[in-house]
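# What the coordinates show
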Amino acid sequence: MNDLRNGLYGTVLVLAAAALGGCASSAAMTGEPGVRMGDSYEKVLAVVSRDNTVTKKVDGQGFRAEGYSTMFKDCRAKYFLFQGADGLQGVKYEPAPHLSVDQNCRQP
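Definitions and cut-offs
Residues numbered from 1 in each chain as written. Predicted model: local features only at pLDDT ≥ 70, side-chain atom pairs only at ≥ 80, totals over all residues. Heavy atoms only, no water. Helix = DSSP H or I, 4+ residues; strand = E, 2+ residues; numbered from the N terminus. Buried < 20%, exposed > 50% of the residue type's maximum accessible area, 1.4 Å probe, protein only. Contact = heavy atoms within 4.5 Å. Areas by Shrake-Rupley, 256 points an atom, 1.4 Å probe, with all protein chains shown as cover. Phe/Tyr/Trp six-rings, centres within 6.5 Å; stacked < 30°, edge-to-face > 60°. Lys NZ or Arg CZ within 6 Å of the ring centre and 35° of its normal. pLDDT = per-residue confidence, 0-100.

### A word on the overall build of the chain
Scanning the chain from terminus to terminus reveals 2 helices and 4 strands. In the chain, the order of α-helices and β-strands from amino to carboxyl end is α-α-β-β-β-β. Within the chain, buried positions represent 30% of all 108 residues. Taking all contacts inside the chain whose residues are at least 6 apart in sequence as the whole, residues at least 24 apart take part in 33%. For the chain, the accessible area works out to roughly 7,100 Å², and carbon and sulfur atoms hold 57% of it.

Quick look at the structure:
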């Protein structure tokens, strides 16, 4: 009986570790290809501006872009927020019904 219980505890610990590892890696994901949390303003701006139209910038603090989102599979307004030396700290996506792949939205 103790062997069975120890086996179950071991299985639970392995599954918990895998779940926590998944959370840690997803926290670094931004939904934007080539961009990771903590990246510098300059790097994120360079990567994002390749396939999106940057519509507003606040140097070093954040910018807004419009373009195709591979995560949502449609056109989105994208907000990238930075905090000093810590780099990229937040990404927010909003629907952009005024954009379409056929008209203004560049699709990579």
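This is not the end of the story, as more comes after the structure.
### Here we look at unusual backbone geometry
Backbone geometry places Lys73, a non-glycine residue, at a positive phi of 60 degrees. Looking at the element boundaries, Lys73 is found in the loop between strand S2 (62-69) and strand S3 (74-82).

### Focus on the environment of Val35
Residue position: Val35 is located in the loop between helix H1 (2-27) and helix H2 (41-51). A relative accessible area of 5% places Val35 in the buried class. Here the alpha-carbon distance between Val35 and Val47, two residues 12 residues apart in the chain, equals 7.2 Å. Sequence-distant contacts of Val35, defined by excluding residues within four places in its chain, comprise Thr30, Val44, Val47, Val48 and Leu88.

### Structural notes on the packing of aromatic side chains
Centre distance and the angle of the planes are the two values used to describe a pair of aromatic rings. Here the structure, examined in full by the defined rule, presents 5 aromatic pairs. For the pair Tyr41 and Phe63, a centre-to-centre distance of 5.9 Å together with 85 degrees between the ring planes defines the contact as edge-to-face. With Tyr41 in helix H2 and Phe63 in strand S2, this residue pair connects regions lying 22 residues apart in the sequence. Residue Tyr41 is classed as buried on the basis of its relative accessible area, which comes to 9%. The cationic tip of Arg76 hangs over the ring face of Phe72; the distance from NZ or CZ to the ring centre is 4.0 Å.

### Some thoughts on the confidence of the model for the chain
Confidence in the prediction of the chain, expressed as mean pLDDT, is 80, and 71% of residues score 70 or more. Here residues 11-27 scores under 50 on pLDDT; set against residues more than four positions off or in separate chains, the count is 1 contact.

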